[in-house]
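# Inside the fold
What follows is each chain in one-letter form.
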Amino acid sequence: MNIIQAKKLTHDYRKVGDDGETETSCRALDNVDLDVAPGQFIAILGHNGSGKSTLAKHLNAILTPTDGTVWVDGMDTRDAEKLNAIRQTAGMVFQNPDNQIIGTVVDEDVAFGPENMGIPTEEILERVENSLKTVGMWEYRDRSPNRLSGGQKQRVAIAGVMAMEPKCIVLDEPTAMLDPVGRREVIRAAQKLNREKQVTILLITHYMEEVTEADRVIVMDQGKILMQGTPREVFSRVEELKEHRLDVPQVTMLAHELRKSGLPVPEGVLTVQELAESLIAASRRAV
Ligand code: ADP
Ligand code: MG
C-alpha cells in the first residue's frame, strides 16, 4: 500500500472581497494524482505559488480536499476520527525553525511530541536520544535552542518530529532560511532518516542541488504536476524547464550548454564528477 496517495486532488481557497460579500476562489491544486511508496525520498520543486505548501498541508490533514481524495497510509484525510493517527503518520517540518521549537532546552523540546502522545517516560528518553543522535545534535541536548544556529534549530525540529516516529515526514522548504552549511546539515539529516530508519521523506525545496539524490523529483506548476521522474529524467528536460522559468542544477546546465555546442556530454548530468568524467573521456578519444 502507498504511504501517500492522492487522487484528483483539487484545492480552492475561498476569499471574501473587501466589501465582505463577493467571494472569489483561487485554485491552488488542480487534479493532482500522487502516489508515494513507503521508504521513498521524494523532492518537490516549483515556483512560489505553484501549490507546494498547499499539497504539503493536505498530507497531514491541515487542509482537506475541495475535490478528490488524499489517503495517508490508507486513511482518508476527510475522516475526522483519523486526524490524530494521520498526523502521527505524516509529520511536518516547516520553513521557520523558530516557530516550531517550544522547549527551553533541546532535549525537552524533542520530548514534547512523544509526551503528548502518552508514550512511557523510559521510551521517550530512548527516542529523544535516538532522534538527537540521528540529526547530529545529541551533544547539544542540554543547550537552550535560542543559542543554536538556524541549521541546528532546524535539526532539533526534525528530531522532534522524528521522536513521534512518523512513517513519513514532509519538509516544506526547511532550508529556505539557512546558510549553505545549515542547508547541508539539514538535508543530510533527512537523508539519514530515510536511509537508516526507512522514513518516507517528501522534501519541498527550491535548491536544485538538494534534489539530485532523491528517488523521484516532482515539478509543480500552477497547481498541477508538470513533470516527475528520477532526477536524471527530470533534469534531462532542460529546455522545457527553462520554458517554465525553472532552474536545473548548475552543473546540469553547464553540461547542457556544452552538449549544445557539440561536445559529447550526456543529457541530465547531475554531478561535477560525472561531467568531468565525460569530458576527460571525450578528450582522450580526441587525442
Ligand atoms: P507554494 O508553496 O508553491 O509557494 P502555495 O501552496 O503556498 O504555493 O500557494 C498556491 C496558491 O494558493 C497561490 O496562488 C497562493 O496565493 C494561494 N494561497 C495559498 N495560501 C492561501 C490562503 N491561505 N488563502 C488564499 N490563497 C492562498
Ligand atoms: Mg510554500
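Residues numbered from 1 in each chain as written. Chains lettered and ligands numbered in written order. Predicted model: local features only at pLDDT ≥ 70, side-chain atom pairs only at ≥ 80, totals over all residues. Heavy atoms only, no water.

## A look at the domain arrangement of the chain
This is how it is decided: Those domain boundaries reflect an automatic or database domain assignment. Contact criterion: two residues are considered in contact whenever any of their non-hydrogen atoms come within 4.5 Å of each other. Buried area is calculated as the accessible area (1.4 Å probe) missing from two parts once they are joined, with the contributions of both summed. Each salt bridge in this description consists of a side-chain nitrogen of Lys or Arg and a carboxyl oxygen of Asp or Glu lying within 4 Å of one another. Polar contacts here mean pairs of N or O atoms no more than 3.5 Å apart (in protein, one a potential hydrogen donor and the other a potential acceptor; neighbouring residues in sequence count only if both atoms are side-chain atoms). The classification used treats Ala, Val, Leu, Ile, Met, Phe, Trp, Tyr, Cys and Pro as nonpolar, Asp, Glu, Lys and Arg as charged, and all other residues, Gly among them, as polar.
Here the chain is partitioned into domain 1 (4-236) and domain 2 (249-287). The centre of domain 1, based on its C-alpha atoms, is set 35 Å off from the matching centre of domain 2. Listed as interface residues are 7 residues of domain 1 and, on the opposing side, 8 residues of domain 2. In total, domain 1 and domain 2 occlude about 650 Å² of area from one another, counting both sides; carbon and sulfur atoms represent 61% of this. At the boundary of domain 1 with domain 2, the tally comes to 1 salt bridge. The interface formed by domain 1 and domain 2 contains 3 residue pairs in polar contact (both at pLDDT 80 or more). Per-class residue counts for the side of domain 1 that touches domain 2 are 3 nonpolar, 2 polar and 2 charged.

## Brief notes about the packing of helix α3 (residues 106-116) against helix α4 (residues 121-134)
To keep it simple, the criterion reads: Helix axes are fitted to C-alpha atoms over the stretch in contact, other axes to C-alpha atoms as well, and angles between N-to-C directions run from 0 to 180 degrees. By definition, any uninterrupted DSSP run of H or I lasting at least four residues is a helix, any uninterrupted run of E lasting at least two residues is a strand, and each is numbered from the N terminus. Roughly parallel here means an angle under 35 degrees, roughly antiparallel means over 145, roughly perpendicular means 65 to 115, and every remaining angle is called oblique. Note: crossing handedness is left-handed where the near helix turns anticlockwise from the far helix by less than a right angle, and right-handed where it turns clockwise.
Axis separation between α3 and α4 bottoms out at 9 Å; the angle between their running directions is 125°. It follows that α3 is oblique to α4 by the angle criterion. In the packing of α3 onto α4, the handedness of the crossing is right-handed. Contacts between α3 and α4 involve Val-106, Asp-107, Val-110, Ala-111, Pro-114 and Glu-115 from the first element and Ile-124, Arg-127, Val-128, Ser-131 and Leu-132 from the second. Per-class residue counts for the contact of α3 with α4 are 7 nonpolar, 1 polar and 3 charged.

## As for the packing of aromatic side chains
Rule in force here: Centres within 6.5 Å make a pair out of two Phe, Tyr or Trp rings, where for Trp the six-membered ring is used; the pair is then stacked when the planes are under 30 degrees apart, edge-to-face when over 60, and tilted otherwise. Two conditions define a charge located above a ring, namely a distance within 6 Å from the ring centre to NZ of Lys or CZ of Arg, and an angle within 35 degrees of the ring normal.
The full count for this structure, using the stated rule, is 0 aromatic pairs. The lysine or arginine in question, Arg-141, covers the ring of Trp-138, its NZ or CZ lying 4.0 Å from the ring centre. The ring centre of Tyr-207 lies 3.6 Å from the NZ or CZ of Arg-183, which sits over that ring.

## Concerning the site of ligand 1
We count it as follows: A cutoff of 4 Å decides nearness: a residue is near a molecule or strand if any of its heavy atoms lies inside that distance of it.
The environment of ligand 1 is made up of Tyr-13, Lys-15, Cys-26, Ala-28, His-47, Asn-48, Gly-49, Ser-50, Gly-51, Lys-52, Ser-53 and Thr-54. At 2.9 Å from an oxygen atom of ligand 1 is found a side-chain nitrogen or oxygen belonging to Ser-53. Contributions of two or more residues to the shell around ligand 1 are made by β1 (4-16), β2 (23-36) and α1 (52-59). Per element, the largest residue contribution to the shell around ligand 1 is 3 residues, and it comes from α1. Residue composition of the shell around ligand 1, grouped by class: 3 nonpolar, 7 polar and 2 charged.

## Some points on the pattern of salt bridges
Rules: Think of it in three bands: residues with accessible area under 20% of the maximum for their type are buried, residues over 50% are exposed, and the middle band is partly exposed, with areas taken using a 1.4 Å probe on protein chains only.
The full count for this structure, using the stated rule, is 18 salt bridges. Arg-127 serves as the salt-bridge partner of Glu-165, at 3.5 Å between the closest nitrogen and oxygen. One end of the pair, Glu-165, is in the loop between α5 (150-162) and β7 (168-172); the other, Arg-127, is in helix α4, with 38 residues separating them in the sequence. Judged by its relative accessible area of 49%, Glu-165 falls in the partly exposed class.

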